[in-house]
Amino acid sequence: MPEDLSIEQETAIQRSAEAVLDEAIAFLQGMIRIPTINPPGDAYPACAQYIGERLQNLGYAVEYLPLTSAEVAELAPYGESLPRTNVIGRLPGAQTPPVLHFNGHMDVVPVGPGWSTDPFGGAVRNGRIFGRGASDMKGGLAAQIYAIEAIRRAGFHLHGTVEQSGVVDEESTGNRNAGMGFLVERGYIHPDKTNYVVITEPLNSDNICLGHRGAIWGEITTFGRQSHGSTPERGVNAIEHMADFIAEATHTLLPSLRQRVNSVPVVPSSASTASLAFNTIQGGTNINSVPERCTVSFDRRLVMGEQITEARREILDLLERRVTAQPDFRYEYAERYAANPTWVRADTPLVQAFTAAIHTVVGHAPGYVCSPGTDDQRFVVQNAGIEQCIVYGPGEIIQTHVIDESLSIADLLTSIKVMALAAASLLGID
Ligand SMILES: [Zn+2]
């Protein structure tokens, strides 16, 4: 069970967090300046090395985990064969267990036009750090490392062991992947040796995220028969078939999905129901030929209590209904990614330690929330079978994937304090 810290210990650790803040900001700025854009996955080895060198300077035993090109081809099929390297630092305590593993992903989503500042500059303005990844989630990586520094520089020794990992390819998801999925598959994170896992994604620094919704990403193709555009009656129009399917999905399935509300609060609350969206469409070759194929991609989000097998069945049933209604309706269904919702209990030492720390630092009880999208927690909870895994980090979720992404420095400090107090309590200090 987590140890109670004395008031003196808590005060010393919080003061120490304030003292390491400038160093954490500088470290974060340096990380933002490495453009780890995914897709396709640029500059991963440079960023892994940047994190690894810092951990090494702080006294960690550092291990780099570069994937072979065969592993890259298998685990990062959309990664244009670019190199993938993860990094883990280990700081052994006087006793093991417990082992507390902090994790962050170093990849960031691409940058569109319209930024008012260099997205890879890390400028500080009005109490905020600007740049792609400031919130999602290089800020989390900086906070997790400097939270442990706050404890150590306050003069305390940690009893348990700390691990810090920086991984690739969170943003590109996958049923398996080259980042957190790889760490779990290779046993770097394993229930026999990992007690607690904290993923430092941004969901507001006074929330503890206990899970995420589920998702199915896939493609549906309808098939027709080409004919000259002047004689459409001689062909079968694949785009018209797709239009019929989308209309049916919109009028029959979508209203029932909107009735399914997540049983725990989602941040943002607008994402509280199940959803289905058709987000790309391709079909036809030229204006005067009846198209023989049309493909849409769909993004189905599942709320707590839904399962991918049933969500998949609902879509397939709709397609089969079209076949019954139109005998020349032919289709193909393919999935690219599917993840069940994840949710962990709140009555565990890990969640209770973070709850107490948020109380101390922020002055009120944390929200227990659910992330609208999937994240790397699924690999730890579903694949490794580690129940004590939460998402907690600096930054607001509304700052993710946006133009002029930024992170509040006050928020960064809050999360460093919270993580430091929770880590000290979970691992024990003297
Ligand atoms: Zn993220």
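For the structure, check the block above.
Here goes a summary of the coordinates provided. These figures come from a predicted structure and were not determined experimentally.

Before going further, it helps to examine the layout of surface pockets. Taken as a whole, the largest pocket spans an internal volume of roughly 860 Å³. At the level of secondary structure, the elements contributing two or more residues to the lining of the largest pocket comprise helix H3 (69-75) and strand S12 (330-339). Split into classes, the residues belonging to the lining of the largest pocket amount to 16 nonpolar, twelve polar and eleven charged. In this structure, the second largest pocket occupies an estimated 310 Å³ of space. As for the second largest pocket, its lining consists of Trp-217, Gly-218, Glu-219, Asn-279, Thr-280, Ser-297, Phe-298, Asp-299, Arg-301, Ala-334, Glu-335 and Arg-336. Put simply, the parts of the chain that give the lining of the second largest pocket at least two residues each are strand S9 (214-223), strand S10 (275-283), strand S11 (293-302) and S12. The leading source of residues in the lining of the second largest pocket is S11, at four residues. Considering only residue class, the lining of the second largest pocket consists of three nonpolar, four polar and five charged.

Counted at 1.5 Å a residue, the expected span for helix H7 (residues 308-325) with its 18 residues is 26 Å, and the 26 Å between its end C-alpha atoms agrees. Taken residue by residue, H7 has Ile-308, Ala-311, Ile-315, Leu-316, Leu-318, Leu-319 and Arg-322 as its buried positions. On an axial view of H7, the arc spanned by its buried residues comes to 145°, and they lie on one face. Along H7, exposed side chains directed more than 90 degrees from the buried face belong to Thr-309, Thr-324 and Ala-325. Buried residues belonging to H7 abut S9, helix H6 (238-259), S10, S11 and S12.

Here three strands make up an open sheet; going across it, the order is S4-S5-S16 and the pairing antiparallel. The sheet terminates laterally at strand S4 (124-125) and strand S16 (406-408), the two strands that pair on one side only. In the packing of helix H1 (residues 7-32) onto the sheet, contacts are made with S4, strand S5 (128-130) and S16, and the angle to S5 comes to roughly 20°. Across the face of the sheet, helix H10 (residues 409-427) comes into contact with S4, S5 and S16 while running at roughly 60° to S16.

Taken as a whole and assessed by the stated rule, the structure comprises seven aromatic pairs. Measuring from ring centre to ring centre gives 5.2 Å for Trp-217 and Tyr-337, while their planes differ by 70°; the resulting arrangement is edge-to-face. Of this pair, Trp-217 sits in strand S9 while Tyr-337 sits in strand S12, and the two are 120 residues apart along the sequence. These aromatic residues form a ring-pair network of at least three members: Phe-27, Tyr-50 and Tyr-146. Positioned above the aromatic ring of Phe-130 is the side chain of Arg-125, whose terminal nitrogen or guanidinium carbon lies 4.3 Å from the ring centre.

Rules behind the numbers
- Residues numbered from 1 in each chain as written.
- Predicted model: local features only at pLDDT ≥ 70, side-chain atom pairs only at ≥ 80, totals over all residues.
- Heavy atoms only, no water.
- 1 Å grid on protein atoms, 1.4 Å probe; cavity = no way out; pocket = protein on both sides within 12 Å on 5 of 7 lines; lining within 4 Å.
- Points joined across faces, edges and corners; volume = space filled by probe spheres on them.
- Helix = DSSP H or I, 4+ residues; strand = E, 2+ residues; numbered from the N terminus.
- Nonpolar A, V, L, I, M, F, W, Y, C, P; charged D, E, K, R; others polar.
- Expected span 1.5 Å × (residues − 1).
- Buried < 20%, exposed > 50% of the residue type's maximum accessible area, 1.4 Å probe, protein only.
- Arc of directions from axis to C-beta.
- Contact = heavy atoms within 4.5 Å.
- Pairing = 2+ DSSP bridges.
- Axes fitted to C-alpha atoms, helices over the stretch in contact; angles between N-to-C directions.
- Phe/Tyr/Trp six-rings, centres within 6.5 Å; stacked < 30°, edge-to-face > 60°.
- Lys NZ or Arg CZ within 6 Å of the ring centre and 35° of its normal.

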